[in-house]
Amino acid sequence: MDQVAFGVLGSVTAERAGRPLALKGLRHRAVLARLIVARRRVVPVARLVADLWEEPPPTAVGAVRTFVGDLRRALEPDRPSRAPARLLVTDGPGYALRAEAVDAWRFERAVAAAGQEEPGRAAGLLREALELWRGPAYAEFADEEWCRGERARLAELRLRAVEQRAEALLAAGRAAEAVPDLDAHLTGHPWREEAWRLLALALYRTGRQGDALAVLRRARATLAGQLGVDPGRALRRLEADVLAQAPGLDAPTAPEATAARVWSRAAEAYDRTVAAGARARLESTVGLLRTLAVTGSGGLAAAREHRLEAITAAEESGDPELTARVIGAYDVPAIWPRSDDETGARRIVRAAERALARLPATPAQDAARCRLLATVALESRGTRSGRAVQAAAEAELLARRLDDPALLAFALNGVFMQSCTRAGLAPRRDAVGTELVTLSARHGLVTYEVLGHLIRVQARAALADFTTADEHAAAADRLADRHELPLVRVFTEGYRALRLAATGGTGHRGGETDSVRGRGVPVSGRQAGRGGGPDSGRGGAADRSGRPVPGADLATARRIDGPAPVVGPRAARGAGTRAAPADAVEAAYREVGRLLDGSGMPGVRDGLLPLALLCLRLAGRPYGIRDAVDPDAVDPGADWGPYLPWIRPALALADDDEGAARDALHGLPEPPADLVQEALWCVAAAVALELGDRAALRRCRAALRPAAGQLAGAGSGLLTAGPVDGWLSAIGDALGAP
């Protein structure tokens, strides 16, 4: 029998061989739609009843079973009466739809596939994908809570696909084709800054410079009028480039074609002259992978995959020196202390340790040994491994003794990755970033110079020094633009979303307030300078013991002075800082989510957006956890990724299950050694405050105390749960003890 195809990109439908199936009434289609939303997972009968009726009648369970029976007859009309259903199945306490063909899923696959294709082919795939839409997703259930999150997710994916297709058309030299669709797109969605940018660029490339400028000015007026914000950096830069008729705005021309031809010929010559089994191919491959990893799109994911293959091949050769070179040559700077591929990272660490054990103990191999140790430190990120901390220290000592700038930069990256072992270590990381910037600028190590700037963005944000953080974000962007490093924008735009949330979009810091319930708790400049932990440091650059770095540039070593920002859109209203509209802050974070999609960085992407939005609602409101996780504010189907264990207590509160919340709170493991651990402790503290759980509060206080005077989670450069001092104050009040 032909497969049943389901449609939800419009009204809910089912068809076989192109013929629609009779699904009876609205509640029948609601059951089917609810099961499709679950994506083949089981939906308990009790959940179906709660979703279908605001006040379920006594016969609700029987009615659901009747609806399911009717749907089974429509979907599998030839199934014998006592044969088990194969499509709409009973499983445990509920039902699941084992669907394969759903138009929404087909749409998602096509959009993902387009990201891996050349521009012309990608534009075609996206056009076909967008043609699947017949109207708003789950159209007849627009007001139903159970599909609100899925409808919003699909709508956002569709908007991105329109923009992705326009970008592909521009890259393919077909700018004129992009203009009509972008015009229509912006009519319905005028807050989409990326769409404004693409439309202006398309107009410019079709010789309509005046129209391009008019579009950019219309974008400015629209954003100011509807959201009360100025255009983002990308739009501002495009306007300046259009006015200057910057060469970079033109469609790809002869130089790009020449580069492609040179590449092709060189690759052909390499294939002809270097034997297929030559060991030189492995080392050359790693060199290519280093470049591939920083190109964006699917490059980073592909580099990870092929790197493991290269290491395996090197180990199979039986030559420990070759293996050491292949492993250690992949010195791609890393800024996020959570692995994109934990299984692969463990394999690399084991291979590096085997190579270290077999490497000859001679001075000639010290550089290779240093690279292997740095690799162990880098690939063990977030694991709280004592061996990784030791490896980072040994690599740094070796690199300094060898006086090799590139080797030292690699080793310092390992030191940075092992500087998240507890809360409050922003000054220590700031010292690493300071040294990396100076070292790399002096020796032309561009990617490590960018890394140093990004580390300082994170560290200065944690210390509420947004002025210095702004300078380093701008420096990172300039280098990224000049050297074609597209992934940098994920972190600089993420920082700007954090800054908008923390300062309301203003350059000044908010006023003083003592309230910790429902209002912001700013950190004074003196608090930020002194802090409460051994590494809280002062505003300027410091070494990893907290001492000032001798000779550090005064511009980067300024003290934090004056009152610090009030964090969170609600908090800012009560503290004299202009609050950024919550919608504008959320829009900024969703733009970061868009940049992360397809970036090849699941370690950054997974769970980040919902966690950032939760922290946004919780910042400055230690007693606001119920509001922060209210289903009206948080998508119940959000993908919390690796952060779910630390969110479960809050989600249990949202379900009014205090017992489950308390159990989940007591079962919390220690967060990974990463840059958001302070924010996770704040979420746990908010639940503990709500429950009055003294043991959990003492645990949270002990974890957060070293970060006194800092902004919780802002060391990530992407999110914050507000001033740590506010959380410590609320915990202290609840415990009634210092």
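Going by the structure above, here's the rest.
On a predicted model such as this, the values are computed, not experimentally measured, just so you know.

A. Structural context of the overall build of the protein chain. A count of helices and strands for the protein chain gives 33 helices and nine strands. Sorting the 738 residues of the protein chain into buried and exposed places 53% on the buried side. Considering only residue pairs separated by 6 or more positions, the protein chain has 69% of its internal contacts joining residues 24 or more positions apart. When the accessible surface of the protein chain is totalled, it reaches about 31,300 Å², and 52% of it is carbon and sulfur.

B. Representation of the pairing of strand β2 (residues 13–16). Alternating positions in β2 separate cleanly, A14 and R16 being buried on one face and T13 and E15 remaining unburied on the opposite face. Note: strand β1 (residues 4–7) against β2, four bridges, orientation antiparallel. For F6, the partnering residue across the bridge sits in β2 and is A14. Where β1 folds back on β2, the antiparallel hairpin that results is connected by five residues, among which G10 adopts a positive phi of roughly 140°. With two bridges connecting them, β2 and strand β3 (residues 19–20) associate as antiparallel partners. Residue pairing across strands places E15 opposite P20, the latter belonging to β3. A loop of two residues connects β2 with β3, the two strands running antiparallel in sequence, and A17 in this loop sits at a positive phi of about 55°.

C. A look at the pattern of salt bridges. According to the stated counting rule, one finds 60 salt bridges in the structure shown. Between R496 and D477 there is a salt bridge, and its shortest N-O distance comes to 2.7 Å. In this pair, R496 sits in helix α22 (residues 488–503) while D477 sits in helix α21 (residues 466–483), placing the two residues 19 residues apart along the sequence.

D. Quick peek at the sheet that holds strand β4 (residues 43–44). Spatially, three strands are ordered β4-β6-β5 in an open sheet, and the strand pairing comes out antiparallel. A single partner strand is all that each edge strand has here, and the edge strands are β4 and β5 (88–91). In this structure, β5 lies alongside strand β6 (residues 94–97), joined through four bridges in antiparallel fashion. Residue pairing for β6: D91 is matched across the bridge by G94. Across the face of the sheet, helix α3 (residues 60–75) comes into contact with β5 and β6 while running at roughly 140° to β5.

E. Looking closely at unusual backbone geometry. The backbone of Y138 sits at a positive phi, close to 50°, despite the residue not being glycine. Here Y138 is to be found in the loop between α5 (119–130) and α6 (148–171). Relative accessible area serves as the criterion here: at 1%, Y138 is assigned to the buried category. Phi angles above zero are rare outside glycine, and D403 is one such case at about 55°.

F. Looking closely at the nonpolar core. In this structure, W336, Y589, L611 and L719 are the most contacted members of the largest nonpolar core, which totals 140 residues. The greatest single-element share of this core, amounting to twelve residues, is contributed by helix α31 (residues 677–691). In contact with W336, not counting residues within four places along its chain, are R381, M417, F491, G603, V604, Y643, L675, V676, S716 and L718. One finds V12, A110, L157 and L203 within the second-largest nonpolar core, a separate group that totals 89 residues.

G. Structural context of helix α16 (residues 366–379). For α16, built from 14 residues, the straight-helix expectation of 20 Å at 1.5 Å per residue is met to within 8% by its first-to-last C-alpha distance of 20 Å. What α16 keeps buried is the set D366, A368, R369, C370, L372, L373, A374, T375, V376, A377, L378 and E379.

H. Up close: a negative patch on the surface. A contiguous patch of negative charge, built from E54, E55, D143 and E144, is present on the exposed surface. With respect to the helices, strands and loops of the structure, D143 is situated in the loop between α5 and α6. A residue is classified by how much of its surface remains accessible, and D143, at 73% relative accessible area, is exposed.

I. Representation of the packing of aromatic side chains in the model. Applying the stated rule across the entire model yields four aromatic pairs. Seen in terms of ring centroids, F141 and W146 are 5.4 Å apart; in terms of plane orientation they differ by 45°. Their pairing is tilted. With respect to class, F141 is no different from W146; both count as buried.

J. Geometry of the packing of α16 against helix α18 (residues 405–417). Relative to each other, α16 and α18 sit at 25°, their axes nearing to 8 Å. With respect to each other, α16 and α18 are oriented roughly parallel. By crossing handedness, the relation of α16 to α18 is classed as left-handed. Together, A367, C370, R371, A374, T375, A377 and L378 of α16 and L407, F410, A411, N413, G414 and M417 of α18 make up the contact between the two elements. A class-by-class count of the residues in the contact of α16 with α18 yields nine nonpolar, three polar and one charged.

K. Region of the structure containing the side chain of D70. Relative to the elements of secondary structure, D70 occurs in helix α3. What makes D70 buried here is its relative accessible area of 13%. Contacts of D70, omitting those with residues within four sequence positions, involve K24 and H28.

L. Looking closely at the packing of helix α15 (residues 342–358) against α16. Between α15 and α16, the shortest axis-to-axis distance is 9 Å and the interhelical angle comes to 155°. Our classification of the angle between α15 and α16 gives roughly antiparallel. Our pair here, α15 against α16, has a crossing hand that is left-handed. Contact residues: A345, I348, V349, A352, E353, A355 and L356 in α15; R369, L372, L373, T375, V376 and E379 in α16. A class-by-class count of the residues in the contact of α15 with α16 yields nine nonpolar, one polar and three charged.

M. Broad picture of the sheet that holds β1. Strand order in the open sheet formed by four strands is β3-β2-β1-β7, with mixed pairing between adjacent strands. The sheet is open, and its two edges are formed by β3 and β7 (101–102), each paired on a single side. Of the strand pairs in this sheet, β1 and β7 are connected by two bridges, and their pairing is parallel. Residue pairing across strands places A5 opposite A101, the latter belonging to β7.

N. Highlighting the environment of V49. On the secondary structure map, V49 appears in helix α2 (residues 45–52). Each C-alpha atom of the pair V49 and G62 lies 9.9 Å from the other, and the pair is 13 residues apart in sequence. Here V49 is in contact with P56, A60, V61 and V64, once residues within four sequence places are set aside.

O. Geometry of helix α25 (residues 582–596). With 15 residues, α25 should cover 21 Å at 1.5 Å per step; its first-to-last C-alpha distance of 21 Å lies within 8% of that length. All buried positions along α25 are accounted for by A584, V585, E586, Y589, V592, G593, R594, L595 and L596. Buried residues along α25 sit against α6, α8 (193–205), α22, α26 (602–605) and α27 (608–618). Following α25 by one or two positions, G598 adopts a phi angle in the positive range, close to 80°.

Cut-offs applied
- Residues numbered from 1 in each chain as written.
- Predicted model: local features only at pLDDT ≥ 70, side-chain atom pairs only at ≥ 80, totals over all residues.
- Heavy atoms only, no water.
- Helix = DSSP H or I, 4+ residues; strand = E, 2+ residues; numbered from the N terminus.
- Buried < 20%, exposed > 50% of the residue type's maximum accessible area, 1.4 Å probe, protein only.
- Contact = heavy atoms within 4.5 Å.
- Areas by Shrake-Rupley, 256 points an atom, 1.4 Å probe, with all protein chains shown as cover.
- Pairing = 2+ DSSP bridges.
- Salt bridge = Lys/Arg side-chain N within 4 Å of Asp/Glu carboxyl O.
- Axes fitted to C-alpha atoms, helices over the stretch in contact; angles between N-to-C directions.
- Core = buried A, V, L, I, M, F, W, Y, C linked by side-chain atoms within 4.5 Å.
- Expected span 1.5 Å × (residues − 1).
- Patch = residues over 30% accessible without salt bridge, like charges linked within 9 Å, V, L, I, M, F, W, Y side chains within 5 Å.
- Lys, Arg positive; Asp, Glu negative; His and termini not counted.
- Charge placed at Lys NZ, Arg CZ, Asp CG, Glu CD.
- Phe/Tyr/Trp six-rings, centres within 6.5 Å; stacked < 30°, edge-to-face > 60°.
- Parallel < 35°, antiparallel > 145°, perpendicular 65-115°, else oblique.
- Left-handed = near helix turned anticlockwise from the far one by under 90°.
- Nonpolar A, V, L, I, M, F, W, Y, C, P; charged D, E, K, R; others polar.

This is a description of form; function is not addressed.
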